[in-house]
2 protein chains.
Amino acid sequence: MRKGKLVAFNGSGQPLTLLEHDIPSLGEGEILVRNRYTTLCGSDLHTYCGIRQEACPSVLGHEIVGEIVEIADSHPGTDDNGEALKPGDIITWSIFSSDPQSVFAQEGIPQKGTNLFKYGHAKITKNNAFHGGLAEYCVLRRNTGVLKIPESMPLPIAATLNCAIATVAASLRMAGDLTGKNVVIFGMGLLGIACIAMCREAGASWIGAADIADDRLLHAQHFGANQRINLRQHSEEGTDVLKKQFVKKGVDVVFDMSGSPDAMELGMDILAIGGIAVWVGAVFKNRKVGIDAEKIIRNLHTIKGIHNYNFDDFKYALDFLENSWQKYPFDTVVEQEFELKEAEQAFEYAISHKPLRVGIRI
Amino acid sequence: MRKGKLVAFNGSGQPLTLLEHDIPSLGEGEILVRNRYTTLCGSDLHTYCGIRQEACPSVLGHEIVGEIVEIADSHPGTDDNGEALKPGDIITWSIFSSDPQSVFAQEGIPQKGTNLFKYGHAKITKNNAFHGGLAEYCVLRRNTGVLKIPESMPLPIAATLNCAIATVAASLRMAGDLTGKNVVIFGMGLLGIACIAMCREAGASWIGAADIADDRLLHAQHFGANQRINLRQHSEEGTDVLKKQFVKKGVDVVFDMSGSPDAMELGMDILAIGGIAVWVGAVFKNRKVGIDAEKIIRNLHTIKGIHNYNFDDFKYALDFLENSWQKYPFDTVVEQEFELKEAEQAFEYAISHKPLRVGIRI
């Protein structure tokens, strides 16, 4: 039986362990992938730090790109764009699989479908150990979205597609047509940074970037933000000045990638009549956001929450990256690279240095 | 010069006064209407009680139906459905007029357009006194939506069209397709009651009605609610039982017509994944609504505020009433009638008895 290495997460505060496990033979509709590159997402760091509780021991890492080793005969043999798949192809895959016939999947929310399975979040069992990015292999389950990655796209860029970029794609879908729109994005992690570029490509006319850290705001500027808003120095007067520059006395869309209740509240304050707030970042416990219902009503505001993405968003994310990765400094996103056996150092570096991403070359 | 009577509102706590005023000759695009019937809306009562501050002296009343007396030559001569208008026609009209070229009007929000004028909310001036429902006449300004009322429709029913029914029409537009949906409506005033009937006609499969008053919940049942939810007796356990009856473990849409932060918070608790909350009622100062952003995000919830309506909603409201006023007990909405000179008694009755509506026959 084939064997492969994996890095087991044994709980927050416990050392990661490098193990060898059997690679199972493929089940119905499955694909065996040799992982090539994984980037550590914010939620991996949250789990590592114990801010979020997940099953363990597990294999963390879900922003993954890999090479097809074997395709089960029962797999349709094509990716989500209808392109033929064969061993050797570089692919990425949706962070989840779920029953396509379930009620939420049928309504365009497969990320909440029944029999939901999420890569990088599952417990290691005897027969199922290869389901995360911090491993040499990954077994793709039936009903996982798969996309072929163009050969020209660098692996560290492609790796971010199936979480950060696809989630931003879903956020843009929530916001609707962005042509000519004025937008403010809160939180200049990778989601916020990518959101700048994706809003620009979607036709937004003005994009403000808000964060509490100057270095992240500088990144935002490199990705094309029209204005940097340092929230540490922001005042009510600053809000007034910001709003007055627009015909509608406010912006059309705000995206919250920060998860900060203060930011979400400020976002509502700067929205124009008819404006939309898309909330994405707050995937952890925090104080409630105080909403003035009268203002929401009189200003015809909309708030939309989005978690993960659907298969259309996933394809949109690839289209975007394929067309635009060279137009924006996506090659600066991975600030430090590590090997699989250095996974613990990678986490420690990510936590202490707060880069947009660290990469694991496998 | 022609003269007409009007009831002036002189500020909360001041007596209403019956005055006679000159009827001005018509300006560009205007229509002179002889008011026939006015219903008192909740916001009229709020102004009368001083809960809401409006310019005064003014003419209150904006749920109005009247008879065309004269049409300026410069008026297009047709209503919003393209039907020819002539003196003697019974019509209702949008509670606002605004510049159709302004940015919000162009985006489908004419109720927030520039040069906004609202009937029943304006100050009496020497040349502009007839702009409310508590008067014998009303001068309809240019860019006011106008709809001919079918002869068969009773005036007390038709009068509610241009505020309550049209606002519910806008709320339904916010909610999207209701076919097969499970819905809970909070607040069983006229908006909530009408919302039951309109959701039913729009194809909703199950409708819950929530209020704190049993008599209003009984009304809700007469309008077709599947379940009455008395919020005074509601518990967390009740929420669980309510949610568990649905495949999605929650409802698809909640409408808040109550304006109560408690109700809006409960509404978010009972929404299924992917659900939409439409907020309509909270058009007065109140405590903030506490929103758990993580829940909004993980459940892909949407909150939409809506204030007033646009011209499509206005036409939808007429279509609905025309087809359905006999299918539901709309003839019970006006619980007491008064004459114009009894306007003060009408307000006092409305405040003390809390009927769905009082009517003023003019």
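Preceding this section is the structure that the text describes.
Predicted, not measured: the structure shown is a model, and the values here were computed from it.

(A) The arrangement of the relation of the copies chain B and chain A in detail. For the match of chain B to chain A, the screw axis carries a shift of 0.0 Å, the RMSD comes to 0.0 Å, and the turn is 180°. Classification of the inter-copy transformation places it as that of a two-fold axis. Take the interface residues of chain B: 100% of them recur as interface residues in chain A, which is what a same-surface contact looks like.

(B) Fine view of helix H8 (residues 261–270) of chain A. Where burial is concerned, most of H8(A) is hidden: seven out of the 10 residues are buried. Within H8(A), the full set of buried residues consists of Pro261(A), Ala263(A), Met264(A), Leu266(A), Gly267(A), Met268(A) and Ile270(A).

(C) Representation of the environment of Leu356(B) within the structure. Residue and element names in this part refer to chain B. Position of Leu 356 among the secondary structure elements: in the loop between helix H11 (343–353) and strand S17 (357–361). Given the relative accessible area of 5%, Leu 356 is considered buried. Along the chain, Leu 356 and Leu 190 lie 166 residues apart, while their C-alpha atoms are 5.5 Å from each other. Beyond its immediate sequence surroundings of up to four residues, Leu 356 is in contact with Met 188, Gly 189, Leu 190, Ile 193, Arg 216, His 219, Val 333 and Glu 335.

(D) Representation of unusual backbone geometry within the structure. Residues and elements named next belong to chain A. The linkage connecting Cys 56 with the following residue, Pro 57, adopts the cis geometry, with an omega of 5°. Residue position: Pro 57 is located in the loop between helix H1 (42–49) and strand S4 (63–71). A positive phi is found at Lys 249, a non-glycine position, where the angle reads about 60°. Examined against the element boundaries, Lys 249 turns out to sit in the loop between helix H7 (236–244) and strand S12 (251–256). Residues other than glycine seldom take positive phi values, yet Leu 300 does so here, at roughly 50°. Looking at the element boundaries, Leu 300 is found in the loop between helix H9 (293–298) and strand S15 (302–305).

(E) Just the packing of helix H7 (residues 236–244) of chain B against helix H8 (residues 261–270) of chain B, in detail. Residue and element names in this part refer to chain B. Viewed as axis vectors pointing N to C, H7 and H8 meet at an angle of 45°, and their least axial separation amounts to 10 Å. When the axis of H7 is compared with that of H8, the two are oblique. Between H7 and H8 lies a crossing of right-handed hand. On H8, the residues that touch Thr 239, Leu 242 and Lys 243 of H7 are Leu 266, Asp 269 and Ile 270. Here the residues of the contact of H7 with H8 sort into three nonpolar, one polar and two charged.

(F) Expanded view of the pattern of salt bridges. Residues and elements named next belong to chain A. Here the structure, examined in full by the defined rule, presents 36 salt bridges over all chains. With a shortest N-O distance of 2.7 Å, Asp 22 and Lys 3 are connected by a salt bridge. Taken as a pair, Asp 22 in strand S2 (residues 17–22) and Lys 3 in strand S1 (residues 3–8) lie far apart in primary sequence, 19 residues in all. The exposure class assigned to Asp 22 is partly exposed, which follows from its relative accessible area of 30%. For the salt bridge of Lys 86 with Asp 89, the shortest nitrogen-to-oxygen distance reads 2.8 Å. On the accessibility criterion, Lys 86 (48% relative accessible area) is partly exposed. Connected through shared salt-bridge partners, Lys 86, Asp 89 and Lys 148 make up one network.

(G) How the structure looks around the sheet that holds strand S10 (residues 206–211) of chain B. Sheet architecture is open: 12 strands sit in the order S11(A)-S10(A)-S9(A)-S12(A)-S13(A)-S15(A)-S15(B)-S13(B)-S12(B)-S9(B)-S10(B)-S11(B), paired in mixed fashion. Since the sheet does not close on itself, it has two edges, and those belong to strand S11 (227–230) of chain A together with strand S11 (227–230) of chain B, each with one partner. Strand after strand, the sheet turns through a mean of 15° between neighbouring axes, direction not considered. Relative to S11(A), strand S10 (residues 206–211) of chain A is paired through four bridges, and the arrangement is parallel. Note on S11(A): the bridge partner recorded for Ala209(A) is Arg228(A).

(H) Seen up close, the interface of chain B and chain A. Listed by partner, the interface residues are 37 residues for chain B and 37 residues for chain A. Carbon and sulfur atoms supply 66% of the area that chain B and chain A bury against each other, a total of about 3300 Å² over both sides. Looking only at chain B, the three residues that lose the most surface to chain A are Ile297(B), Arg298(B) and Leu300(B), adding up to 20% of its buried area. Where chain B packs against chain A, one counts four salt bridges. For Glu107(B), the salt bridge is made with Lys248(A), and the minimal N-O distance between the two is 2.7 Å. Taken together, the connections running from chain B to chain A amount to 15 residue pairs in polar contact (both at pLDDT 80 or more). For the side of chain B that touches chain A, the elements supplying multiple residues, two or more each, are helix H2 (103–106), strand S13 (271–279), strand S14 (289–291), helix H9 (293–298) and strand S15 (302–305) of chain B. Considering every element that reaches the side of chain B that touches chain A, the biggest residue donor is H9(B), with five residues.

(I) Representation of the state of the cysteines within the structure. Across all of its chains, the model carries zero disulfides over all chains by this definition. Summary of cysteine pairing: Cys195(A) is not part of a disulfide, and the nearest cysteine sulfur, belonging to Cys199(A), is at 3.9 Å. Cys163(B) takes part in no disulfide bond, and the closest cysteine sulfur, belonging to Cys41(B), lies 3.9 Å away. Relative accessible area serves as the criterion here: at 9%, Cys163(B) is assigned to the buried category.

(J) Quick peek at the packing of helix H4 (residues 161–175) of chain A against helix H5 (residues 190–201) of chain A. Residues and elements named next belong to chain A. For the pair H4 and H5, interaxial distance at closest approach is 9 Å and the crossing angle is 55°. Considered as vectors, H4 and H5 are oriented oblique to each other. At the point where H4 passes H5, the crossing takes the right-handed sense. Across the interface between the two elements, Ala 164, Ile 165, Thr 167, Val 168, Ala 169 and Leu 172 from H4 touch Leu 190, Leu 191, Ala 194, Cys 195, Met 198 and Cys 199 from H5. Its residues placed into classes, the contact of H4 with H5 shows 11 nonpolar, one polar and no charged.

(K) Fine view of empty space enclosed by the protein. Enumeration according to the criterion identifies five cavities of 30 Å³ or more in this entry. Here the largest cavity defines a volume of roughly 70 Å³. If you trace the largest cavity, you find 13 residues lining it, with Phe284(A), Asn286(A), Arg287(A), Ala293(B) and Glu294(B) closest to the centre. Taken together, the elements giving at least two residues each to the lining of the largest cavity come down to H8 of chain A together with H9 of chain B. Of the residues that constitute the lining of the largest cavity, the class distribution is six nonpolar, two polar and five charged.

Quick notes on the rules
Residues numbered from 1 in each chain as written. Chains lettered and ligands numbered in written order. Predicted model: local features only at pLDDT ≥ 70, side-chain atom pairs only at ≥ 80, totals over all residues. Heavy atoms only, no water. Least-squares fit on C-alpha atoms with pLDDT ≥ 70 in both. Contact = heavy atoms within 4.5 Å. Buried < 20%, exposed > 50% of the residue type's maximum accessible area, 1.4 Å probe, protein only. Helix = DSSP H or I, 4+ residues; strand = E, 2+ residues; numbered from the N terminus. Axes fitted to C-alpha atoms, helices over the stretch in contact; angles between N-to-C directions. Parallel < 35°, antiparallel > 145°, perpendicular 65-115°, else oblique. Left-handed = near helix turned anticlockwise from the far one by under 90°. Nonpolar A, V, L, I, M, F, W, Y, C, P; charged D, E, K, R; others polar. Salt bridge = Lys/Arg side-chain N within 4 Å of Asp/Glu carboxyl O. Pairing = 2+ DSSP bridges. Buried area = accessible area lost by both parts, 1.4 Å probe. Polar contact = N/O pair within 3.5 Å; in protein donor to acceptor, adjacent residues only side chain to side chain. Disulfide = S-S within 2.5 Å. 1 Å grid on protein atoms, 1.4 Å probe; cavity = no way out; pocket = protein on both sides within 12 Å on 5 of 7 lines; lining within 4 Å. Points joined across faces, edges and corners; volume = space filled by probe spheres on them.

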